[in-house]
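Breakdown of the fold
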Amino acid sequence: MIIGSNILFFENLPSTNTRTAYLLKKNNLPEGTVVYTNYQSEGRGYSGNKWESEDGKNLLISIVLFPSFINPSDQFLISMAISLGICDFLSRFIPDFSIKWPNDIYVNNDKIAGILIESSVIDKKIEFTIAGIGLNINQEKFISTAPNPVSLFLLTGISYDLTVCLNQLGTDLDKRYKQLIAGYSGLIKKEYVSKLYHLDEWREFRDIKGGFTGRILTVGDYGLIKIEKEGGEISEYAFKEIEFIL
Ligand code: BTN
């Protein structure tokens, strides 16, 4: 076992990702270390967003990885593997979920998990990756302005033991990370694409030029999303260059 071989628990923290980066600078943490807390006062999401999570209700973790075998230009593979590990975990409880590109985990039109991957690249090699995951398990009410949060409890009416969930999630993430190590990146990409939210459906999007109807074809190199516009033009977008109109 790599992921979950070492678990560091803190009752509360500003942010598991921030604390993990600090610990990595000070100590030699083994690969697969999981930094875990019940509460974050400054939980971070993408683009400076805050991550809401009620004390003791959800999984808030950061995982230390040393994926030096991955070329920095292919580092989106790590996001893909982590997204799939979370999907494997969810499949233990619910039948339907998807990955909203780049790495939000959705159940129908609601977000159950967010991922914040932060990597350090030195001399064209990934020195370390911190994979932060916020996975909503038992929270019953969300108070922030996030548009569409949901939890396993809200979906199933069942409360879950967080320690059991942490172990299960660790097992599922470990399996996916080992697939990456073993060179099964083609399989990871294929499964990731097959689970994309609104894959191959004609939907409304907005890019810098304005709104348009298009459909997601795949996710290509560097994690760019490939969308066909009505009329046949195919464009690739990086995160924040394209918006889904829900
Ligand atoms: C997003 O959807 O914007 C990403 C959210 C990531 C939240 C998790 S919670 C654990 C880890 N620590 C943080 O500060 N953020 C990530």
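Residues numbered from 1 in each chain as written. Predicted model: local features only at pLDDT ≥ 70, side-chain atom pairs only at ≥ 80, totals over all residues. Heavy atoms only, no water.

With that settled, the discussion passes to the overall build of the protein. Tallying secondary structure elements over the protein gives five helices and twelve strands in all. Taken over the C-alpha trace, the protein has a radius of gyration of 18 Å; the compact-globule value for 246 residues is 18 Å, and the two agree within 12%. Taken along the three principal axes of its C-alpha coordinates, the protein extends 55 × 45 × 30 Å. Taking all 246 residues of the protein together, the buried fraction comes to 50%. Once local pairs closer than 6 in sequence are excluded, the contacts in the protein between residues at least 24 apart make up 63%. Entry remark: accessible area of the protein is about 11,900 Å², with carbon and sulfur atoms responsible for 50%. Between the mean site of the 25 positive side-chain charges and the mean site of the 30 negative ones, the protein shows a separation of 3 Å. (Helix = DSSP H or I, 4+ residues; strand = E, 2+ residues; numbered from the N terminus. Rg over C-alpha atoms; globule rule 2.2 N^0.38 Å. Buried < 20%, exposed > 50% of the residue type's maximum accessible area, 1.4 Å probe, protein only. Contact = heavy atoms within 4.5 Å. Areas by Shrake-Rupley, 256 points an atom, 1.4 Å probe, with all protein chains shown as cover. Lys, Arg positive; Asp, Glu negative; His and termini not counted. Charge placed at Lys NZ, Arg CZ, Asp CG, Glu CD.)

Let us look at the sheet that holds strand β1 (residues 7-13). Pairing between sheet strands relies on hydrogen bonds along the backbone, with the strands arranged either parallel or antiparallel. Spatially, seven strands are ordered β1-β2-β3-β7-β6-β5-β4 in an open sheet, and the strand pairing comes out mixed. Two strands close off the open sheet at either side, each with one partner strand: β1 and β4 (98-100). Mean inter-strand twist for the sheet, computed between neighbouring axes without regard to direction, equals 20 degrees. With six bridges joining them, β1 and strand β2 (residues 34-40) adopt parallel strand pairing. Each residue of the ladder has a partner; that of F9, found in β2, is Y36. Of the strands in this sheet, β1, β2, β3 (59-65) and β7 (125-135) touch helix α4 (residues 162-181), which is tilted by about 35 degrees from β3. (Pairing = 2+ DSSP bridges. Axes fitted to C-alpha atoms, helices over the stretch in contact; angles between N-to-C directions.)

Moving on: the site of the ligand. Looking at the ligand, there are 19 residues lining it, with S15, T16, R44, Y46 and K111 nearest. The side chain of T16 places a nitrogen or oxygen atom 2.9 Å from a nitrogen atom of the ligand. A distance of 2.6 Å is found between an oxygen atom of the ligand and a side-chain nitrogen or oxygen belonging to K111. For the shell around the ligand, the secondary structure elements donating two or more residues are α1 (16-26), β3, β6 (110-122) and β7. Here the shell around the ligand gets four residues from one element, more than from any other, and that element is β6. Residues of the shell around the ligand, tallied by class, amount to seven nonpolar, nine polar and three charged. (Near = heavy atom within 4 Å. Polar contact = N/O pair within 3.5 Å; in protein donor to acceptor, adjacent residues only side chain to side chain. Nonpolar A, V, L, I, M, F, W, Y, C, P; charged D, E, K, R; others polar.)

It is worth spelling out the side chain of N138 at this point. Here N138 shows up in the loop between β7 and α3 (152-156). For N138, a relative accessible area of 8% puts it in the buried group. Here Y160 takes part through its backbone oxygen, which lies 2.8 Å from a polar atom of the side chain of N138. Residue contacts for N138: discarding those within four places in its chain leaves K57, N58, S151, F153, I158, S159, Y160 and L162.

Turning to the pairing of strand β11 (residues 234-237), a few remarks are in order. Only one face of β11 is buried, namely the one carrying S235 and Y237, since none of I234 and E236 on the opposite face is buried. Joining the antiparallel neighbours strand β10 (residues 225-229) and β11 is a turn of four residues, in which G231 adopts a positive phi near 105 degrees.

Glancing now at the nonpolar core. I82, I86, L90, L135 and Y192 are the most contacted members of the largest nonpolar core, which totals 60 residues. Top element by residues in this core is helix α2 (residues 76-90). It accounts for eleven residues. Ignoring anything within four residues of it in the chain, the contact list for Y192 reads F76, M80, S83, L84, I99, W101, P102 and V219. (Core = buried A, V, L, I, M, F, W, Y, C linked by side-chain atoms within 4.5 Å.)

Our focus in this paragraph is unusual backbone geometry. Cis geometry marks the peptide bond from W101 to P102, where omega comes out at 5 degrees. Checked against the element boundaries, P102 lands in the loop between β4 and β5 (104-107). Backbone geometry places Y222, a non-glycine residue, at a positive phi of 60 degrees. Relative to the helices and strands, Y222 resides in the loop between β9 (210-219) and β10. The class for Y222 is exposed, based on a relative accessible area of 61%.

Let us look at the sheet that holds strand β8 (residues 203-207). Taken together, five strands build an open sheet; the order of strands is β11-β10-β9-β8-β12 and the sheet is antiparallel. Two strands bound the open sheet, and with one partner strand each, they are β11 and β12 (243-244). One ladder, built from five bridges, connects β9 with β10; its direction is antiparallel. Among the inter-strand pairings, V219 is bridged to a residue of β10, identified as I225.

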